[in-house]
Structures are given as C-alpha cells and as structure tokens.
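# Examining the three-dimensional arrangement
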Amino acid sequence: MTVADYNRCVDQYADAVYRFLVKNIRDPEKARDLVQDAFEKLWINVDRVDAGKAKSYLFTTAYHKLIDQIRIDQRNRPMAEGMLSEYAHEQQYSDLKEILEQVIVQLPPKQRSVVMMRDYEGYSYKEIAEITGLTESQVKVYIYRARVFLKEKIGSVTMLV
Amino acid sequence: MIKIGLDNYEVWFLDFLEGNLNKSRLEELDRFLSLHPEMKEELHEMELLHLPAEKISFKGKSGLKHTPADYAGVTEEDYQCIAFMEGDMNRSEQIRFKDQLKKDKNLKRKLHLFTRTRLVPDASVFYPGRARLKKKRRLVSAWIYPLAAAVVTGLAFWLWPGKTPEVNHPHYLQMAVKESLLDLNKNDITLKNSTIQLPAAPGFMIPGKENRNIQPMAYLPRKSLHHLPVTVRQSDESGVMLAETRLISKADDTYETLYELALRLFRERILGEPAELVKKQQFTLWEVADVGVQKLNNLMDTGIDIEREYNSTGNLKKVNFNSRLLALSLPHR
C-alpha cells in the first residue's frame, strides 16, 4: 500500500468509520480518537496491508477498539445503558430515523455493531465475521435477533406515536 | 485357518453363517458336510439362532430437530421475513414466501416493519479531522529520528569550537595564537608572540584534537594571502580574551571562521534568514532546539511543542515540552 493509497483511504473511509463509531458510542470526541487510532495503526502497517483490504482492516481495528472502549465505559458507568433505555422511551419521535437512532443504542454492543456494518456498509456475513472475529453463524444470529428487537421497538413506538 | 474337523466345526459354521468364508473354504465345508451328513442338522439349528433386525423407529424424531429460526432464537415467521429481506432465501424459498405474503396480511405487515429496521447511513456525519490523518511521506522506523537527532547532536558538540579553531590547510598559513600571549591591558592589542607554521597535512584541526584531521567543510578559494590579522574580542562573562584566526584572501577579502561558517549555514539554510543580517550574531541552543522540533514535526507529522516561560521580571523561568505522549517542564537556573 502506497502513501497515495493510504491518503485515498482517508478520503474514502474516514467518514464511514467515524459514522460507525459515533453512532455506536454516541461520543464524538471518543469516536474521533478511535478513528485516529485506527488510521494510525493502518499507517504503521502501511507496508503490510494490501490496498484492497484497507477498508476491512480499518473496520476491524475500529470494531475492536470500539468494544474495548465500551467495556471501559461500562466499567465506569454501569447504569448508562439502562438510563439510556428509559430516556429513549420518554422521547417524542418525529420520524422513523429518529426512532431507530434512539432504539439502536439499546441493542447489545455486538448486535449493534454487526447490524450497522450490514446496513451502513453492506458487508456480507462472511466479511462481518472476518472483521469481528465471530463465526458466520453468530453474525447471522446477531443480525436476526437485532432485527427482531428493532422491529418490536419500532412497532411499539410507532403505535404510541 | 485350521482345517475343519469334528473338534472345530462350530467355528467354521459361525464363519459360514456370517459370510466370512471364501470360495475354497466353502468347498472345504461342503466336503466336510458330505463326509459327516449328521452335521447338516446342527448347521441348520445354528441358522435358526440368528435374530432378524427389528423395524422399530423413534416417533418423536421431528421434535428433536431444530429449525434455523430456533437457532436464531426467533419465531418462524420472523425468521422468514428477515431471511427474505436479508437475501438469505434461495429462489424456491422466495417464491414460496411471496405466495404466503399474498395470502397472509399479518405476515405482510410484519415484513413491512422489518424492512423499516434497516439503518440508513447518516450522510450529515463527517469526520472532522480528515486532513490531519493524511501523510506526506512513507513511514520510517520510529527509532531513526531519535538516532539521527542523537548523531547530529553528538557531532555538533564534537565539532563545536570551544575556542577559535586553528586552520591547517596547505594553501593557507596556520596561525597558532595563545591567549596568554596577548596583552589584555592595552587598548591597542599587540601580539607578543606568535608562531607561524606551514601545515603538515590538509584539513581543519580542532583544538585539543590535534591528532584528528577532518576534511574541510568548505574550501576557501585558493588565492594567495597577503595579510593575516588577528582580531580579539572579550568574552562577556569570564573576561578571558579569545583569539580568532581569520583568513583574508588577496582578491576579495573573503574570510570566515569555522564558527562563522556554521552560523551562516544555520541562518541561511535552516532558519532561512539573510546571512548579512545575522552574520555577526551568535545562535543559541534554544534556536537549534526550536528548529529541530519544527523539522521533526514536519517530518513525522507530530505535534511536539517547546516553549519558554518567563517570570514577572522578564527572566526565563522554565522551558515546557509538550507532546502527545510526554509533557514536562524544565526549571531554568
């Protein structure tokens, strides 16, 4: 991978990786740091990473850093998820996108990540499995369970609205 | 196998019943039975002992099986809807599911809800620091820079003239001036004693390192000298008079000491300042460090910063060093 390839990756994938991270942890500053870390790791290994695999490499790094960050956050703020869940129910939703934004954070981190990779980036089960280190079956199960959870939430919320 | 006889025929009979005898053995068994016809009855009785396979089957087999929906922990209907929207169905399954949709309105509504769970990337979200992520040049191992800095610093200290350097070059005269020989009390400085020698070998010679000749950093033009003055300046702090050896060419009066050469190159090439403005000024260690940090930042895209902090009286109090990994303050004595 050349320097030009690397800089092209910045143009092409920085937003996508940032979007994936910021929608997951809901903290723009931490998401920015994680994006920087992911690209720093790519830069350190620029000679070893093939340009065609760079996006996958970035998402793999970002995903693992994200999971680490979530673990740290959970240790520091064990009630965060529950509070968020209650908060979400009290919101007045204006549209489906907003509903999904509020509901998606209630998913367990792994389910949330795989469904985001699936929808945001259009990754296959196999690709997601490579990125996350899960098996294809696990990825599929996580996605199916996440869909059911989101469907139930959307169904109940849209009925309220 | 042992030959069949009245003492071992049971083994042969068992092998016969289990189909373990080959053609020659079967012929041998036939010969034995023709010799002992009474044994045929016993063989027939042994055949009756064979138990036929029972046709019993477990009726709850289907209850033990699991569907992919069970595996995913979702209902069959949910599974069908998600599999349809995720593209996990083959063609025949899709056709079957579409037929089912036409008949079942609840299923249709459920599928509609599932399709609404698909997340759409938020195009309004951008990574703000994209330009900072970009790199200008290929990465060099991180130890190269500290090593290079150490080498340059080491060379600088080694080459830095503690006193005025003596110049030793075949085309110029070498003048060894000893400070003790200068009369410091007189306004007009006179050289009491000086030695003028022809050089033994080309190259600059550093005081205290006379045995080590270094190739000249820059050659002065090969012109004959007609004048060799000695200028003397007084050190600010110690009061020790320092002598400087200067070379003056006959044609254009060009002269430069090693110290001045280093100063000019530093000012012109590194600081980018016009040499005539700074020719007589000394440069400080602070300037060297400041420029070094700037160059390092440009080279590695780092954000290292050094700054001086002054007290209320305007005296230097401390020097601060800030980087991503390390921040420290060095008090100034």
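Given the structure is predicted, the values throughout are model-derived calculations rather than measurements. (Residues numbered from 1 in each chain as written. Chains lettered and ligands numbered in written order. Predicted model: local features only at pLDDT ≥ 70, side-chain atom pairs only at ≥ 80, totals over all residues. Heavy atoms only, no water.)

So, on to the overall build of chain B. On a plain count of helices and strands, chain B comes out with 13 helices and twelve strands. Counting across all 333 residues of chain B, residues that qualify as buried make up 27%. Residue pairs at least 24 apart in sequence account for 40% of intrachain contacts in chain B once pairs closer than 6 positions are excluded. (Helix = DSSP H or I, 4+ residues; strand = E, 2+ residues; numbered from the N terminus. Buried < 20%, exposed > 50% of the residue type's maximum accessible area, 1.4 Å probe, protein only. Contact = heavy atoms within 4.5 Å.)

With that out of the way, let us pick up the pairing of strand β11 (residues 316–322) of chain B. Residue and element names in this part refer to chain B. Examined bridge by bridge, strand β10 (residues 305–310) and β11 share six bridges and lie antiparallel to one another. Each residue of the ladder has a partner; that of I306, found in β11, is F321. Sheet analysis places β11 next to strand β12 (residues 327–331), joined by five bridges and oriented antiparallel. When the bridges of β12 are listed, K318 appears paired with P331. (Pairing = 2+ DSSP bridges.)

Let's shift gears to the sheet that holds β10 of chain B. All names here are of chain B. One open sheet holds the three strands; their spatial order is β10-β11-β12, and the pairing between them is antiparallel. Because the sheet does not close on itself, it has two edges, and the strands there are β10 and β12. This sheet shows a mean twist of 20 degrees between the axes of neighbouring strands, independent of strand direction. (Axes fitted to C-alpha atoms, helices over the stretch in contact; angles between N-to-C directions.)

The next point concerns the pattern of salt bridges. A pair can form between side chains of opposite charge whenever their charged atoms are brought close. On inspection of all chains with the given rule, the structure shows 18 salt bridges over all chains. Residue E101 of chain A is joined to R26 of chain A by a salt bridge in which the shortest nitrogen-to-oxygen separation is 3.5 Å. Here E101 of chain A is found in helix α5 (residues 96–104), whereas its partner R26 of chain A is found in the loop between α1 (3–25) and α2 (28–44), with 75 residues between them in sequence. Here R26 of chain A falls in the partly exposed class, since its relative accessible area comes to 36%. A single network of salt bridges, built from pairs that share partners, joins R118, D119 and R147 of chain A together with E86 and R118 of chain B. (Salt bridge = Lys/Arg side-chain N within 4 Å of Asp/Glu carboxyl O.)

We now examine helix α8 (residues 105–115) of chain B. Residue and element names in this part refer to chain B. Here α8 has its buried residues at L107, K110, L111, L113 and F114. Across the axial projection of α8, the buried residues extend over an arc of 160 degrees, all falling on one side. In α8, the exposed positions that point more than 90 degrees away from the buried face belong to K105 and K108. For α8, the N-terminal capping position is held by D104, with its side-chain oxygen 3.0 Å away from the main-chain nitrogen of N106. (Arc of directions from axis to C-beta. Polar contact = N/O pair within 3.5 Å; in protein donor to acceptor, adjacent residues only side chain to side chain.)

If you look at the interface, chain A gives 46 residues, while chain B gives 35 residues. Roughly 3,900 Å² is buried in total at the junction of chain A and chain B, and carbon and sulfur atoms are behind 60% of that figure. Sorting the residues of chain A by area buried against chain B places Y144, R147 and K151 of chain A first, and these three jointly supply 17% of that buried surface. Seen at the junction of chain A and chain B, the total is six salt bridges. At the level of secondary structure, the elements contributing two or more residues to the side of chain A that touches chain B comprise α1, α2, α5, α6 (109–121) and α8 (136–160) of chain A. Take the side of chain A that touches chain B: its biggest share by element is 13 residues, from α8 of chain A. The class makeup of the residues in the side of chain A that touches chain B is 25 nonpolar, six polar and 15 charged. (Buried area = accessible area lost by both parts, 1.4 Å probe. Nonpolar A, V, L, I, M, F, W, Y, C, P; charged D, E, K, R; others polar.)

Take the side chain of D119 of chain A next. As for its position among the elements, D119 of chain A is in helix α6. In this view, D119 of chain A contacts R147 of chain A together with T117, R118 and L119 of chain B; residues no more than four positions away in its chain are not counted.

Residue and element names in this part refer to chain A. Between α2 and helix α3 (residues 54–76), whose axes approach to 9 Å, the crossing angle comes to 140 degrees. On the basis of the axis angle, α2 is oblique to α3. Classified by chirality, the crossing of α3 by α2 is right-handed. Judged by residue contacts, K30, L34, D37, A38, F39, K41 and L42 of α2 engage Y57, L58, T61, A62, K65, L66, Q69 and D73 from α3. (Parallel < 35°, antiparallel > 145°, perpendicular 65-115°, else oblique. Left-handed = near helix turned anticlockwise from the far one by under 90°.)

Residue and element names in this part refer to chain A. At their nearest, the axes of α3 and helix α7 (residues 125–132) sit 8 Å apart, and the two run at 55 degrees to each other. Relative to α7, the element α3 is oriented oblique. In this structure, α3 crosses over α7, and the sense of that crossing is right-handed. Packed against α3, whose contacting residues are S56, F59, T60, Y63 and H64, the element α7 presents E130, I131 and T132 at the interface. Grouping the amino acids of the contact of α3 with α7 by side-chain chemistry returns three nonpolar, four polar and one charged.

Time to look at the environment of H36 of chain B. Residue and element names in this part refer to chain B. Along the chain, H36 turns up in the loop between α2 (23–35) and α3 (38–48). By relative accessible area, H36 is classed as partly exposed at 22%. With 31 residues separating them in the primary sequence, H36 and G5 have C-alpha atoms 9.8 Å apart.

This paragraph deals with the confidence of the model for chain B. Residue and element names in this part refer to chain B. With 58% of its residues at a pLDDT of at least 70, chain B reaches an overall mean of 69. Here residues 160–206 is modelled with pLDDT under 50, and outside its nearest four sequence neighbours on either side it reaches 96 contacts, counting other chains as well. In this model residues 213–252 is a low-confidence stretch, pLDDT under 50, and it forms 93 contacts with partners more than four residues away in sequence or in other chains. The complex prediction reports pTM at 0.49, with the ipTM value standing at 0.76. (pLDDT = per-residue confidence, 0-100.)

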